[in-house]
Amino acid sequence: MKPVAIIGGGITGLTAAFKLTQVGIPVTLFESTDRVGGIIQTVRDRDYLAECGPNTILETSPLIGDLVRDLGLEDRRIYSSEQAENRYIVRNKRPVKLPGSALEFLLTPLFSCRAKTRLLMEPFIHRAPAEMEENLASFVRRRLGREFLDYAINPFVAGVYSGAPENLSVREAFPRLHALEQRYGSLILGQVLGARERKRSGNVSKQNAAKFSFDQGLGTLTDALAQRLKEQIRTGQAIGKLIKQNGAWSLSQAGEHSGVLLALPAFRLAEMQVTCESKPISLSMLADIQYAPVASVVLGFRREDVEHPLDGFGVLNPEVEQLNSLGTIFSSSLFTNRAPLGQVLLTSYVGGLRAPHLVTKSPDEICELVMEDLRIVLGVRGEPTFRHLKFYPRAIPQYDVGYGRFKTHMTNIEEQGDGLFFAGHCRDGISLGDSIVSGHEAAGRIATHLKKTT
Ligand SMILES: Cc1cc2nc3c(=O)[nH]c(=O)nc-3n(C[C@H](O)[C@H](O)[C@H](O)COP(=O)(O)OP(=O)(O)OC[C@H]3O[C@@H](n4cnc5c(N)ncnc54)[C@H](O)[C@@H]3O)c2cc1C
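Just so we're clear, the structure is a prediction, and the values are computed from it rather than from any experiment. (Residues numbered from 1 in each chain as written. Predicted model: local features only at pLDDT ≥ 70, side-chain atom pairs only at ≥ 80, totals over all residues. Heavy atoms only, no water.)

### Topic: the site of the ligand
- Around the ligand sit 32 residues, and of these Thr12, Glu31, Ile39, Ile430 and Leu432 come closest.
- In the model, an oxygen atom of the ligand is placed 2.9 Å from a nitrogen or oxygen of the Ile39 main chain.
- Between the ligand and the protein, one listed contact pairs a nitrogen atom with a backbone N or O atom of Thr56 at 2.9 Å.
- Here the ligand, which alone exposes 1,000 Å², has 89% of that area covered by the protein.
- Of all elements in the fold, only α1 (11-22), β21 (386-397) and α15 (432-453) reach the threshold of two or more residues within the shell around the ligand.
- Residue composition of the shell around the ligand, by class: 15 nonpolar, 15 polar and two charged. (Near = heavy atom within 4 Å. Polar contact = N/O pair within 3.5 Å; in protein donor to acceptor, adjacent residues only side chain to side chain. Areas by Shrake-Rupley, 256 points an atom, 1.4 Å probe, with all protein chains shown as cover. Helix = DSSP H or I, 4+ residues; strand = E, 2+ residues; numbered from the N terminus. Nonpolar A, V, L, I, M, F, W, Y, C, P; charged D, E, K, R; others polar.)

### Comments concerning the nonpolar core
- Among the nonpolar cores identified, the biggest contains 76 residues, and Leu242, Leu251, Val260, Leu262, Leu286 and Leu420 are the most heavily contacted of them.
- Broken down by element, this core gets its largest block of residues, seven residues, from helix α6 (residues 146-160).
- Beyond its immediate stretch of four places on either side in the chain, Leu420 contacts Leu242, Trp249, Val260, Leu262, Val274, Ile281, Ile413 and Glu414.
- Ile6, Leu20, Ile64 and Ala224 belong to the second largest nonpolar core, which has 40 residues in total. (Core = buried A, V, L, I, M, F, W, Y, C linked by side-chain atoms within 4.5 Å. Buried < 20%, exposed > 50% of the residue type's maximum accessible area, 1.4 Å probe, protein only. Contact = heavy atoms within 4.5 Å.)

### Concerning helix α4 (residues 113-120)
- If you check which residues of α4 are buried, you get Ala115, Lys116 and Leu119. Viewed along the axis of α4, the buried residues span an arc of 100°, placing them on a single side of the element. Opposite the packed face of α4, turned more than 90 degrees from it, sit the exposed residues Cys113, Arg114 and Leu120. (Arc of directions from axis to C-beta.)

### Details of the packing of aromatic side chains
- Under the counting rule described, the total for this entry stands at twelve aromatic pairs.
- An aromatic cluster is built from Phe156, Tyr161, Phe174, Tyr399, Tyr403 and Phe406, whose rings are joined through pairwise contacts.
- When the ring centre of Tyr151 is taken as reference, the NZ or CZ atom of Arg91 above it lies at 4.0 Å.
- Directly above the ring of Tyr392 sits Lys390, whose terminal nitrogen or CZ lies 5.8 Å from the centroid. (Phe/Tyr/Trp six-rings, centres within 6.5 Å; stacked < 30°, edge-to-face > 60°. Lys NZ or Arg CZ within 6 Å of the ring centre and 35° of its normal.)

### Description of the side chain of Glu59
- Within the element layout of this structure, Glu59 appears in the loop between β5 (57-58) and α2 (62-70).
- Under the relative-accessibility criterion, Glu59 is labelled buried at 18%.

### Points about helix α14 (residues 404-415)
- The terminal C-alpha atoms of α14, which comprises twelve residues, lie 16 Å apart, in line with the 16 Å expected from a rise of 1.5 Å per residue.
- Of all the residues in α14, the buried ones are Gly404, Phe406, Met410, Ile413 and Glu414.
- Residues of α14 that are buried make contact with α7 (170-173), α11 (266-269), β16 (279-281), β22 (420-422) and α15.
- Phi turns positive one or two residues past the end of α14, at Gly417, with a value near 80°. (Expected span 1.5 Å × (residues − 1).)

### A short note on the sheet that holds strand β19 (residues 325-329)
- Ordered in space as β8-β7-β18-β19-β20-β17-β21, the seven strands form an open sheet in which the pairing is mixed. Across the chains shown, the open sheet's two edge strands, defined by having one partner strand only, are β8 (94-97) and β21. Across the sheet, the mean angle from the axis of one strand to that of its neighbour is 25°, orientation sign disregarded.
- Inspection of the sheet shows β19 paired to strand β20 (residues 343-351) by four bridges, in the antiparallel sense. Directly across from Ile329, in β20, lies its bridge partner Thr347.
- Of the strands in this sheet, β7 (87-91), β18 (314-316), β19 and β21 touch α6, which is tilted by about 125° from β7.
- Set on the sheet, helix α13 (residues 363-378) makes contact with β7, β8, β17 (291-302), β18, β19, β20 and β21; between it and β17 the angle comes to about 65°. (Pairing = 2+ DSSP bridges. Axes fitted to C-alpha atoms, helices over the stretch in contact; angles between N-to-C directions.)

### What to know about a nonpolar patch on the surface
- Taken together, the side chains of Leu103, Leu106 and Leu107 make up a nonpolar region of the molecular surface, amounting to roughly 350 Å² of accessible area.
- Overall, the relative accessible area of 55% leaves Leu106 in the exposed class. (Patch = residues over 30% accessible without salt bridge, like charges linked within 9 Å, V, L, I, M, F, W, Y side chains within 5 Å. Salt bridge = Lys/Arg side-chain N within 4 Å of Asp/Glu carboxyl O.)

### Things to note about the pairing of strand β4 (residues 48-51)
- Residues Tyr48 and Ala50 point to one face of β4 and Leu49 and Glu51 to the other, with burial holding for every one of them.
- Adjacent in sequence and paired antiparallel, strand β3 (residues 42-45) and β4 are bridged by two residues, among which Arg46 carries a positive phi angle near 45°.

### Let's talk about the sheet that holds strand β9 (residues 211-214)
- In spatial order, the strands read β5-β9-β6; together these three strands make up an open sheet with antiparallel pairing. Pairing within the sheet leaves two strands with one partner each, and these edge strands are β5 and β6 (77-79).
- Where β6 and β9 come together, three bridges link them in antiparallel fashion. Its bridge partner being in β9, Arg77 is matched across the sheet by Phe214.
- Against the sheet, α2 makes contact with β5, β6 and β9, and its axis sits at roughly 20° relative to β9, the strand it touches most.

### Quick look at the pattern of salt bridges
- Evaluation of the coordinates by the stated rule reveals 25 salt bridges.
- Here Arg142 makes a salt bridge to Glu134, at a shortest N to O gap of 2.8 Å.
- Given a relative accessible area of 24%, Arg142 falls into the partly exposed group.
- Taking the shortest distance from any N to any O, the salt bridge between Arg142 and Glu181 comes out at 2.9 Å. Separated by 39 residues along the polypeptide, Arg142 in helix α5 (residues 136-143) and Glu181 in helix α8 (residues 175-184) bring together distant segments of the chain.
- Several salt bridges share partner residues, and in doing so they unite Glu122, Glu134, Arg142, Arg143 and Glu181 into one network.

Note that all results are geometric; they support no functional claim without further evidence.
Laid out in structure tokens, this is it:
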């Protein structure tokens, strides 16, 4: 059998390639840079362990644990500390703990009495018509009120999408919220009643999912995949052209393949020239998918130079608070082994759709912007003992209103049955867990296709 070509060596492409080899289907994985892992990039420097890209995997599906087990990494997985359940949101420039129970909600200074009363009305608000595609800001204002949008959803969206609630589609970016409203008529009721159903499916909501990394960071996972696929990986090979002729796919200077999986960012998919049995397949519409720019700033400090107890996952900065950064993860509180004894490690994010211009500033300027925030919010004194910056000019795709047309385009191409498949963060969800599931499921679709056609 000719191998399947996997294009893109991020977590999606690696997972798909590994899954296919597990069922005896030969693969070749092409990666344009000199390393696999894509956005995942762990840096070890002087006993600090910095994650430039993602920090944690949310265990939302049993398929994620299966991958860890199949790679023999269960002993190296570390779950986030118990205190990481605490999350802070800035109000009046101070970090306020997000309430974790009904009682804490009633007592929290994060929301005014008016906002709390408004939230209790949620179960009585009518559901929107099923066919309506609403943006997140309008959905939250309608169901939960303005203050909840400003002090809960706006910072949360900055933390996850680096995006804007006014643009994101509830149906595409938060399908669970959309489904809860449609199914139960209320997010609060759906939260309670839907729990039993999720338990049956084995899936866990993002909010309740366990968070993990590995003893040597998330690079452990991509290194293990690379180790397993060693012979099948071709780095330094940017693929720009795909031609199918006489039933086989050929890639620019890379031989013939029985099928192709594209596990690429949308802006790279859009550049791909594809011809199938002399007919062009255009992917150029995918250039319209908007990406948020982000700079990640990892800083180390002496413990005594940080006033805040850092007893949580991190702190998010609502836009209305007018700070420079989107928020900060307390990396050394989340997982052990992130900073030398007596030091702490903080990872802050700058930019997003809220302030894309900041990502064009110099590393020193960005660092100073973050330091300004850390002094105000966490009571940081003195200078950092460690610093690592990474810029992502196109970091995270925005599942804006109308995004469905991009997914439909990719699905329609797959369904033509030519052996061209799509997976990854611009198709199946933006989290690492989504990417692992996406790679796994794409491998399944490819295996089924090959069974039918060979
Ligand atoms: C700053 C940041 C923080 C994040 N934090 C989290 C987090 O804490 N938790 C979480 O769940 N998710 C997080 N995410 C999201 C998560 O990291 C991504 O969704 C996920 O890594 C996407 O993986 P992927 O394989 O789909 O894409 P990518 O990682 O982008 O991989 C695509 C690969 O394709 C290669 N490529 C591009 N063009 C070509 C070509 N023409 N030929 C061959 N190869 C090509 C690229 O070099 C790259 O290696 C974060 C994202 C960012 C940017």
